[in-house]
Amino acid sequence: MTTPEPTLSVVVPMFNEESVLPLLARRLRAVLDGLGEAYEVVAVDDGSTDGTPAGLTALRAGWPQLRVLRLRRNSGHQAALIAGLLRAHGRYVVSIDADLQDPPETIVEMLRRARADDLDIVYGVRADRSRDTRFKRWTAAGYYRLMRRLVGKQVPAQAGDFRLLSRAAVEALRELPERSPVLRLVVPWLGFPSGEVAYRRQERAAGRTKYPLSRMAGLAAESVTSFSAAPLRFATWLGLAGVVVCGVLVVVAVLAWLAGATVTGWPSLYVAILFLGAVQLLCLGLLGEYVARIYTAVQGRPAYFVATDSAVDPATGPAGPAPRAAEDVVELADSLR
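My aim in this report is to walk through the structure given alongside it, one point at a time.

**With respect to the side chain of Asp-99**
Consideration 1: Positionally, Asp-99 belongs in the loop between β4 (92-95) and α4 (106-116).
Consideration 2: Of note is the side chain of Asp-99, whose polar atom sits 3.1 Å from the backbone nitrogen of Gln-101.

Written out as structure tokens, the structure is:
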């Protein structure tokens, strides 16, 4: 007997979220059961080292719509999100973090908006971030301002990874050759009809943030280098500016020599060497970022490996043996060619 295709899939990537699991399950299940439609919750365990796997096993015993996808190792938030999206079965797929900063109750409005306006993408937009720290709000505003300037106005401001995608949009993501795309930029780039639903961002329900400053900086750097060649152009213009400045200094030096006003000293030479060295190192660093991305793409290694999927073997669930889905076999074969 085959299980009917769910109307809605909710993908929840999680890493060491043991403390928030009961709260998440209580609120999310209340919302989804109230829809009166077939659904599934795809919990993607991104190599957790705490009690998250055991907690998911316990929840699944009393929640048949919960599906647990376990990755072999910690592959990162975006990789876990992609793993869940590409394996979800629903006609609509919502992605949401486990920390409950994005309220599950907004999913109802997202689904209603997608159907009423025939939209393929509905973004959850943070209209109120007063619960975030001032530094968090400042850095987030700077990130979205930079992305909209580099990528285009199609990137919605204050929209993270809380969004609804239609089956057509998910299949379009599947066709992309990128191994680990930055979904905040790739999804708007797809060009599907889209809309927004505003909500108030909440405080983290439990546990600690998995996105410290270092990871936020890494996400910003990956976003820029994966979707824009602007830093390379900046390096080119910076190099040209260095050439112009050096040319001016050469003219000044020649004129001073002709006027007999040359004085032996190190400050001017010292400043010139520091300036040229800084420009060269900056340009090499920017070039290295792009070369690293090319190197990673040429390697062709999958961004993640699935250890278990409770939908593949419902009897054993996440604690059983580790079958590999057909998509993972294809990804592994491609990487070994």
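So much for the structure itself; the text now carries on.
**Describing the pattern of salt bridges**
Consideration 1: Within this structure, the stated rule accounts for 14 salt bridges.
Consideration 2: Among the ionic pairs, Glu-105 bridges to Arg-27, the shortest N-O distance being 2.8 Å. With Glu-105 in the loop between β4 and α4 and Arg-27 in helix α1 (residues 21-33), this pair connects stretches of sequence that are 78 residues apart.
Consideration 3: Classification of Arg-27 by relative accessible area gives partly exposed; the value is 29%.

**Considerations on the pairing of β4**
Consideration 1: Burial along β4 is two-sided: Tyr-92 and Val-94 facing one way and Val-93 and Ser-95 facing the other are all buried.
Consideration 2: As judged from the four bridges shared by strand β1 (residues 8-14) and β4, these two strands associate in the parallel manner. Bridge pairing in β4 links Val-11 to Ser-95.
Consideration 3: Alignment of β4 against strand β6 (residues 159-166), held across four bridges, turns out to be antiparallel.

What counts as what
- Residues numbered from 1 in each chain as written.
- Predicted model: local features only at pLDDT ≥ 70, side-chain atom pairs only at ≥ 80, totals over all residues.
- Heavy atoms only, no water.
- Helix = DSSP H or I, 4+ residues; strand = E, 2+ residues; numbered from the N terminus.
- Polar contact = N/O pair within 3.5 Å; in protein donor to acceptor, adjacent residues only side chain to side chain.
- Salt bridge = Lys/Arg side-chain N within 4 Å of Asp/Glu carboxyl O.
- Buried < 20%, exposed > 50% of the residue type's maximum accessible area, 1.4 Å probe, protein only.
- Pairing = 2+ DSSP bridges.

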